[in-house]
Structures are given as structure tokens and as C-alpha cells.
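The chain contents come next:
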Amino acid sequence: RENSIHVCNPHLEKMKEDILYHFALGTGTHDFPALFGDVKFVCVGGSPSRMKAFTAYIAEELGLGSPSGDFPNICAGTDRYAMYKVGPVLSVSHGMGIPSISIMLHELIKLLYHAKCSNITIIRIGTSGGIGLEPGSVVVTRQSVDATFKPQFEQVVLGKTIIRSTNLDEELAQELIQCSKEINQFNTVIGNTMCTLDFYEGQGRLDGAICLYNEEEKLQYLKEAYDSGVRNIEMESSVFAAMCNLSGVRAAVVCVTLLNRLEGDQISSSHDTLVEYQQRPQKLVGYFIKKSLGKV
């Protein structure tokens, strides 16, 4: 069944041209169906360099290019985001935090809509702080929760607070867990992901410029998070889940943990170890894409 992108905005139909300002793309200057109509998988992550590396990786995995190939940045006209495409896979950076990924998602969803894409799967691949997990563990998010452990995203619109659901596609999450079992290279779990508005106080760290709580209070909070089902912490999943839900898009969040927050706040692993950790979500999602395309 064809599952098309749904845009919750009747005003778009009245616009002669839609300029995706932060992508440096527009319907009046670019042929969206020709450029993006064959896209089936969209992978998003914070860092432009990481998303370019993923593009090179998936190109080799799908037999569509070599890791040393030239992958031009489709959004070269702006320095806000980077976008790469290889075959049916679109790779986009989203920056850090809810505001940055929210802006990107508004324009990405419109891009997919204007391109007349269907049956799209969007996966966020990234890094996170783990709770009660060994560093290097990969977490597939069941649902994103806020800093009070509620599965919701609060958005203030015209001065009113709107509550939106942050559930993610359960079937897709289970497919990813199955893929991890087939790879059998690293520990992967399914659990809730806490999405915060800040890296330091919002995540209960003791090493920020401001900290008005003690270590005992921090550990009590993190243990409460763990008991509620939270297995990792990051800063984008809630609005990602909410916007994908509203757009009728199958979505997942796959993040590697760089440390166990019950044992500390600062990332102490070596550079080489961190590089290997960051490749784990890419390997899992790459295998999932290959399997979906019948290339495994």
C-alpha cells in the first residue's frame, strides 16, 4: 500500500513557490520529484561529517559507490545543514537540540511531500548518554520521554501549550532489534529515551558551569529514570517522534551510548574507541536498509 507523506498545513497549497530556506532549495528552482522522488530511506544525525561518512558507508554496502567517492552536499548553498544522497537513501544533518532538528524536519517533510515520495522510513542515528548500560551499547527507542519521564512533547503554538505524542513505530523497532541479532556485533536493547532541553543541568550533570544540586540528588534522579524504563538520554528524539507521527512517517531512533551516566558525567573513552562506537548505529541501520532492499 502506498503510504504518502502527510503535511498538516493547508496553506502550502496556496503558495506559488515553497522556499526551503535552510536547505537552500525551492520548488521554483529545483525539480523535487526528479531529485528526490526515488528516496525510500532518510537517515538523520547531528554532525554533517558523520552523515557524509554514513553516505559513503551505505554507498559501498549497496554497491552504489566507493567510500572514497565524491558525494556532493546538496545543501552547499547554506551552512545550516548538510544533505547527501546515494540511490534511495537520503542522509541529512540536523545539528544539536530540539530547535535545530525541528527546523530541519519541517523542511525535510515538505521536501519529501513535494517530491511525491511514498513509503518512507526515517531513522535518527546518533550518540547518547546511557543509563545502566555498558558504553558502546546501542539503544533502539521505544518511546521518547521528557525530563519528567512522560511520553510527550510540549510545543507552544500561538501562546498555547500543545501536547503531542512521542511514540515511535513499534514494528520498525522490532525489525531493528532483529537486525542487530543477525549482525551479532554489539549489545543492542530497546528502551525509552529521555529527551532534554540541555546537555548539562537538564541531564543532571555535575560538571557544567552551573550546578545547584549534589551527587546524591543526581544519582537518585537517574535511578528514577532507569526505573521508569529510560535507557539513554539525548536532545532530539521527542520532536522527531512527534513530527514523524503527525506526518504519517515510519520512524525510529537508534543511538549508541558513549558512557554510563550512573558512573560519571564526562566521556573518557579514547578517540578511536568513540569513532568505533559511533559507527555502530550506522552498521545497524545500514544492515536494515540492505535487508529491506533484499541485498542481504
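In this text the structure is predicted, and so the values were computed from the model without any measurement.

### Brief notes about the pattern of salt bridges
Counting across every chain of the model gives 10 salt bridges. The partner of Lys85 in a salt bridge is Asp38, with the nearest N and O atoms 3.0 Å apart. With a gap of 47 residues between them, Lys85 in strand S4 (residues 83-86) and Asp38 in the loop between helix H1 (32-36) and strand S3 (41-45) connect regions that are remote in the sequence. Between Lys218 and Asp265 there is a salt bridge whose closest N-O contact spans 2.8 Å. Linking Lys218 in helix H5 (residues 215-227) with Asp265 in the loop between strand S12 (250-260) and helix H7 (271-292), this pair joins segments that are 47 residues apart in sequence. For the pair Lys218 and Asp265, one class covers both residues: buried. Here the residues in one salt-bridge network are Arg124, Glu234 and Glu236, joined through shared partners.

### So, the UniProt feature "binding site: substrate" (unreviewed entry) in the protein
According to UniProt, the feature "binding site: substrate" (unreviewed entry) maps to Gln203 and Arg205 in the numbering used here. Of the annotated positions mentioned, Gln203 and Arg205 line the second largest pocket. Mapped onto the elements of the fold, Gln203 is located in the loop between strand S10 (188-195) and H5. When near neighbours in sequence (up to four residues on either side) are disregarded, Gln203 contacts Thr196, Asp198, Leu222, Ile233, Glu234, Met235 and Arg261. Here the side chain of Gln203 touches Asp198 through a polar contact of 3.4 Å, landing on its backbone oxygen. Here Arg205 is to be found in the loop between S10 and H5. Arg205 gets classed as buried once you look at its relative accessible area, which sits at 3%. Discounting chain neighbours no more than four positions away, the residues touching Arg205 are Phe199, Tyr200, Cys211, Tyr213, Leu259, Arg261 and Asp265.

### A word on the packing of aromatic side chains
What the rule picks out here adds up to 5 aromatic pairs. Seen in terms of ring centroids, Phe32 and Phe36 are 6.0 Å apart; in terms of plane orientation they differ by 70°. Their pairing is edge-to-face. In this pair, Phe32 and Phe36 both sit in helix H1, 4 residues apart, roughly one turn of the helix. The pair Phe32 / Phe36 is uniform in exposure class, with both members buried. On the numbers, 5.0 Å between centres and 80° between planes, the contact of Phe199 with Tyr200 is edge-to-face. We note Arg231 situated over the ring of Tyr226; from NZ or CZ to the ring centre the distance is 3.7 Å.

Parameters at a glance
- Each chain carries its own residue numbering, running from 1 in the written order of its sequence.
- Under the rules for a predicted model, residues below a pLDDT of 70 receive no local features and side-chain atom pairs below 80 are neither given nor counted, while totals for whole chains, interfaces and linings still include all residues.
- Side-chain metrics in this entry use all non-hydrogen atoms of the structure; hydrogen atoms and water are not considered.
- Basic side-chain nitrogens of Lys or Arg form a salt bridge, by our definition, when they fall within 4 Å of a carboxyl oxygen of Asp or Glu.
- Put simply, DSSP marks the helices as runs of H or I at least four residues long and the strands as runs of E at least two long, and each gets a number from the N terminus on.
- Whether a residue is buried, partly exposed or exposed follows from its accessible area with a 1.4 Å probe, protein chains only, as a fraction of its type maximum: under 20%, in between, or over 50%, in that order.
- UniProt positions are given in the numbering used here, feature names are shortened, and annotations may be inferred rather than shown by experiment.
- Method remark: on a 1 Å grid restricted to protein atoms, a set of points is classed as a cavity if a 1.4 Å probe fits but cannot get out and as a pocket if it is open with protein on both sides within 12 Å along at least five of seven lines; lining residues have an atom within 4 Å of a point.
- The criterion used for residue contact is that any of the two residues' heavy atoms lie within 4.5 Å.
- Here a polar contact is recorded for every N or O atom pair within 3.5 Å, except that within protein the pair must consist of a potential hydrogen donor and a potential acceptor, and residues adjacent in sequence are included only if both atoms are side-chain atoms.
- Two aromatic rings, drawn from Phe, Tyr or Trp (for Trp, its six-membered ring), form a pair once their centres lie within 6.5 Å of each other, and the interplanar angle then sorts them: stacked below 30 degrees, edge-to-face above 60, tilted otherwise.
- Put simply, a charge is over a ring when the Lys NZ or the Arg CZ is close to the ring centre, within 6 Å, and near the line of the ring normal, within 35 degrees.

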